[in-house]
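Here is how the chains run, residue by residue.
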Amino acid sequence: MRIFKQVVFTAFFFSICFFSIETQAHYMWLNVNDYTPAGKSTARFTVGWGHHFYNPVGDILVGGDRLGEIYLIDPSGERIGVDAVNEFQYESAKRLAPGTYLGMVKRKEGFSTKTTEGYKQQPRKGLKNVLSSRYIGMYGKAILNVGSPSGTKVLETPVGDALEFIPLDNPADLKAGDYFQFKLLFKGKPVAEYVNATYVGFSQEDDWAYSTRTNSKGLGEIKILHSGPWILKANHKAPYPDPEEADEYSFTSSLTFEVR
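For the structure given in this document, a descriptive report is provided here. A quick note: this is a predicted structure, and the numbers were derived from the prediction, not measured.

## Notes on the side chain of Lys106
On the secondary structure map, Lys106 appears in strand E7 (residues 99–107). For Lys106, the side chain forms a polar contact with the side chain of Asp161, separated by 3.1 Å. What Lys106 contacts, discounting residues up to four positions off in sequence, is Met28, Leu67, Gly68, Glu69, Tyr71, Met138, Tyr139 and Asp161.

Here is the structure:
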């Protein structure tokens, strides 16, 4: 039984500078070269950054000190390392046996304070002419099915990100016209929040193909309008406990997968 159905077509237009962690219009996601590779092959990734998922390789986050972790979780729940091929591309440290895997990427969390002189990557305490201050975190997941899928167990296990999508369906079992169900967690608890989704080829602007909102149990779903790579994105804000350091938390999470 589906959770619920809600479709809203919408468009988001952004005008902020590239690579600025302060801007919540920009978000991060994990690109996978092949979401359904054959068994005993490696997986390759790039880290998307910006708001141009219609061209997933258009905006690429260069590896560096702002990138926290990138790794895979295998069907048994074990972590697999990911090696840097170059400054843009990453590859699983070993060949992958058949099954369903979860790719993970995180940016380093930290403060971003807007002042009249620009943004400072530090708490507001000690700064002058502060306009606003946030503690920011960004996270991305990707679903891979290597050879034969192995269900949803690895997908449904939380990894502990401050904001994270929990897939309740395996995209390998879906086709265009079906509904993809998920849960959204904030610090391990269900959260009601808006979720936007789109697929490669929907638009060459900053449009979302589908928007919905999770319910009080964190449950939501999107309709798969078209085959191909998809992205889900959510942002959640909450008051920061120490107002001398920041005004709020701002966490952004994404999930990418492919429906064939």
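On we go from here.
## Looking at the environment of Ala38
With respect to the helices, strands and loops of the structure, Ala38 is situated in the loop between strand E2 (27–32) and strand E3 (44–50). Not counting chain neighbours up to four residues away, the residues in contact with Ala38 comprise Val146 and Gly147.

## What about the pattern of salt bridges?
Pairing between side chains becomes possible if they bear opposite charge and their charged atoms approach one another. As enumerated under the stated definition, the model contains 9 salt bridges in all. When the shortest N-O distance is used, the salt bridge between Asp247 and Arg124 registers 2.4 Å. Pair noted here: Asp247 is in the loop between strand E17 (228–239) and strand E18 (248–259) and Arg124 is in the loop between strand E9 (118–120) and strand E10 (130–146), with a separation of 123 residues, a long-range link. Look at the salt bridges and you will find they share partners, linking Glu69, Arg79, Lys106 and Asp161 into a network.

## Observations regarding unusual backbone geometry
In the Ramachandran plot, Lys40 falls in the positive-phi region, its phi being about 65 degrees despite a non-glycine side chain. Checked against the element boundaries, Lys40 lands in the loop between E2 and E3. Overall, Lys40 belongs to the exposed group, its relative accessible area being 56%.

Definitions and cut-offs
- Residues numbered from 1 in each chain as written.
- Predicted model: local features only at pLDDT ≥ 70, side-chain atom pairs only at ≥ 80, totals over all residues.
- Heavy atoms only, no water.
- Helix = DSSP H or I, 4+ residues; strand = E, 2+ residues; numbered from the N terminus.
- Polar contact = N/O pair within 3.5 Å; in protein donor to acceptor, adjacent residues only side chain to side chain.
- Contact = heavy atoms within 4.5 Å.
- Salt bridge = Lys/Arg side-chain N within 4 Å of Asp/Glu carboxyl O.
- Buried < 20%, exposed > 50% of the residue type's maximum accessible area, 1.4 Å probe, protein only.

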